[in-house]
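# Structure assessment
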Amino acid sequence: MTRGRAQDPDVCGVTAAIAVIDGKWKTALLWLLESGPCRPGELRRRLPGLSEKVLTQALREMEGDGLVHREVHDVLPLKTVYSLTAFGRDLSEALAPLSDWGHRRLARLTGADQPAS
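Quick summary incoming for the structure in this document. (Residues numbered from 1 in each chain as written. Predicted model: local features only at pLDDT ≥ 70, side-chain atom pairs only at ≥ 80, totals over all residues. Heavy atoms only, no water.)

Our focus in this paragraph is helix α2 (residues 26-34). Restricting attention to buried positions, one finds in α2 the residues Lys26, Ala28, Leu29, Leu30, Leu32 and Leu33. In this structure, the buried side of α2 is in contact with α1 (13-21), α3 (40-46), α4 (52-64), β1 (68-73), β2 (79-84) and α5 (86-110). Backbone geometry just downstream of α2 places Gly36 in the positive-phi region, at approximately 135 degrees. (Buried < 20%, exposed > 50% of the residue type's maximum accessible area, 1.4 Å probe, protein only. Helix = DSSP H or I, 4+ residues; strand = E, 2+ residues; numbered from the N terminus. Contact = heavy atoms within 4.5 Å.)

This next bit is on the packing of α2 against α4. In the contact formed by α2 and α4, the axes pass within 10 Å of each other and the chain directions differ by 75 degrees. On the basis of their axis angle, the class for α2 and α4 is roughly perpendicular. Facing Lys26, Leu29 and Leu30 of α2, the residues of α4 in contact are Leu55, Ala58, Leu59, Glu61 and Met62. (Axes fitted to C-alpha atoms, helices over the stretch in contact; angles between N-to-C directions. Parallel < 35°, antiparallel > 145°, perpendicular 65-115°, else oblique.)

Looking now at the pairing of β1. Where β1 and β2 come together, six bridges link them in antiparallel fashion. Within the sheet, the bridge partner assigned to Glu71 lies in β2 and is Val81. (Pairing = 2+ DSSP bridges.)

Turning next to the nonpolar core. Judged by nonpolar contacts, the single largest core of 22 residues is most densely connected at Leu29, Leu30, Leu33, Leu43, Leu47, Val68 and Leu91. Looking at this core, the elements with two or more residues in it are α1, α2, α4, β2 and α5. The greatest single-element share of this core, amounting to five residues, is contributed by α2. (Core = buried A, V, L, I, M, F, W, Y, C linked by side-chain atoms within 4.5 Å.)

Relative to the helices and strands, Thr80 resides in strand β2. Overall, Thr80 belongs to the buried group, its relative accessible area being 15%. Setting aside residues no more than four positions away along its own chain, Thr80 makes contact with Cys38, Arg39, Pro40, Arg70, Glu71 and Val72.

Quick look at the structure:
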C-alpha cells in the first residue's frame, strides 16, 4: 500500500493503521522504543541487519506519522535520541492483542500447543 492511500479517509481503519507500521523494521522499532528512549546506534546494534539508511528512513516516516519524537541535544558530537510519543504508545498498546494472537499462531504452527500423546 502506498503511504498516500493510507491517508485516504475512505480507506478501512485497519488498512490505515497497517500503513504506518508497514515494512520490515517498524514494528521492531516500536517494540524497542517501548522500553524507553534510544539513540540510533543502539537501535542498529539491537537489530542486526538494519542499515543506517533504512533506520533513518523508518524513523523519519514514524516521526512524520507522529509515532516517535526526535530530540537532538546540542553537544559535540551531536546526540540524537528517539522516543515514543503518546500516539506511538497508543499504537503499541493497540498492537498488543495482535502480538498475542501472533504468538498463539506460532505455537500452533510449531505444535507447541498440542497435548503430548
